[in-house]
Amino acid sequence: MPASTVDDYLKTIYHHTEWQTDPVTPSVLAAELGLAPSSVTEMIKKLATQGLVSHRPYGPISLTDAGTRRATAVIRRHRLIETWLVREFDYAWDEVHDEAEVLEHTISDRLLAGIDARLGHPRFDPHGDAIPAPDGRVEREPFVLLAEATIGHTGRVLRVSDRDPALLRSLEEVGLDVGHTVTATGRDAVQVDGGPTIDLPPAAARAVWLTA
């Protein structure tokens, strides 16, 4: 088996389609997982045999219903743990991802249910990603990527990508966080909560999603 687990593949496919419409291909998965394309191709064949993904040669990869259920179960654990670490242990939002990656494989279902209840059954994690319900349901508002928003578009920040911790810290410094109201005033410039225009760090516009 490749270094990445079945759950790693399913989570990556789910993440890739959660906030964008670009197709998932073996080359995309190879890049995101840091694996050789040949290894990814072999794993995708195995996942298809297990009924977890749907894939035709040279076509996009998609999760089946069974694959989606398994992916959302793992993602639910991860995002609840991230939320728990921020609320109960004062972790910063740029610190929780790696910690949750470890803990999601070790805590019991009973402890996870206790964490969920303790937090009041949150629907979103600290980065604005939806926490799937126990049955896999996900609630999400219509959204637009800041980089694709028209100048003058105003929306509430729904989600900030957790891929780059340094970028998260930079956005926090300029006051751009989940829940704030943002108006796009330029290609890489915004107003936050009606304040003065601020310049965004490089790549920030492709890491922030607003209400449409």
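Residues numbered from 1 in each chain as written. Predicted model: local features only at pLDDT ≥ 70, side-chain atom pairs only at ≥ 80, totals over all residues. Heavy atoms only, no water.

Q: Looking at this structure, how should I read the sheet that holds strand S6 (residues 189-192)?
A: Hydrogen bonds between backbone groups are what pair the strands of a sheet, and the pairing can be parallel or antiparallel. Spatially, S3-S8-S4-S5-S6-S7 is the arrangement adopted by the six strands of the open sheet, whose pairing is antiparallel. The open sheet has two edge strands, strand S3 (143-145) and strand S7 (197-199), and neither has a second partner. Neighbour-to-neighbour, the strand axes of the sheet open up by a mean angle of 45°, direction not taken into account. (Pairing = 2+ DSSP bridges. Helix = DSSP H or I, 4+ residues; strand = E, 2+ residues; numbered from the N terminus. Axes fitted to C-alpha atoms, helices over the stretch in contact; angles between N-to-C directions.)

Q: Any chance you could explain the packing of aromatic side chains here in plain terms?
A: Two measures describe an aromatic ring pair: the distance that separates the ring centres and the angle between the ring planes. Summed over all chains, the structure comprises three aromatic pairs. One aromatic cluster is present, formed by Trp19, Phe143 and Trp209 through successive ring pairs. Stacked on the ring of Trp19, the Lys or Arg Arg140 has its end atom at 5.2 Å from the ring centre. Across the ring face of Trp209, the terminal group of Arg159 is positioned such that the distance to the ring centre comes to 4.6 Å. (Phe/Tyr/Trp six-rings, centres within 6.5 Å; stacked < 30°, edge-to-face > 60°. Lys NZ or Arg CZ within 6 Å of the ring centre and 35° of its normal.)

Q: Any chance you could explain the pairing of strand S8 (residues 208-211) here in plain terms?
A: Walk down a regular strand and you will see the side chains alternate between the two sheet faces. Of the strand pairs in this sheet, S3 and S8 are connected by three bridges, and their pairing is antiparallel. Among the inter-strand pairings, Leu145 is bridged to a residue of S8, identified as Trp209. Bridge count for strand S4 (residues 154-160) against S8 is three bridges, and the pairing is antiparallel. Along S8, the bridge assignment pairs Val160 with Val208.

Q: Whenever I open this one, the pairing of S6 confuses me. Can you help?
A: Of the pairings in the sheet, the one linking strand S5 (residues 181-186) to S6 comprises four bridges and is antiparallel in character. Each residue of the ladder has a partner; that of Val182, found in S6, is Val192. Of the pairings in the sheet, the one linking S6 to S7 comprises three bridges and is antiparallel in character. What sits directly across from Val190, in S7, is Ile198.

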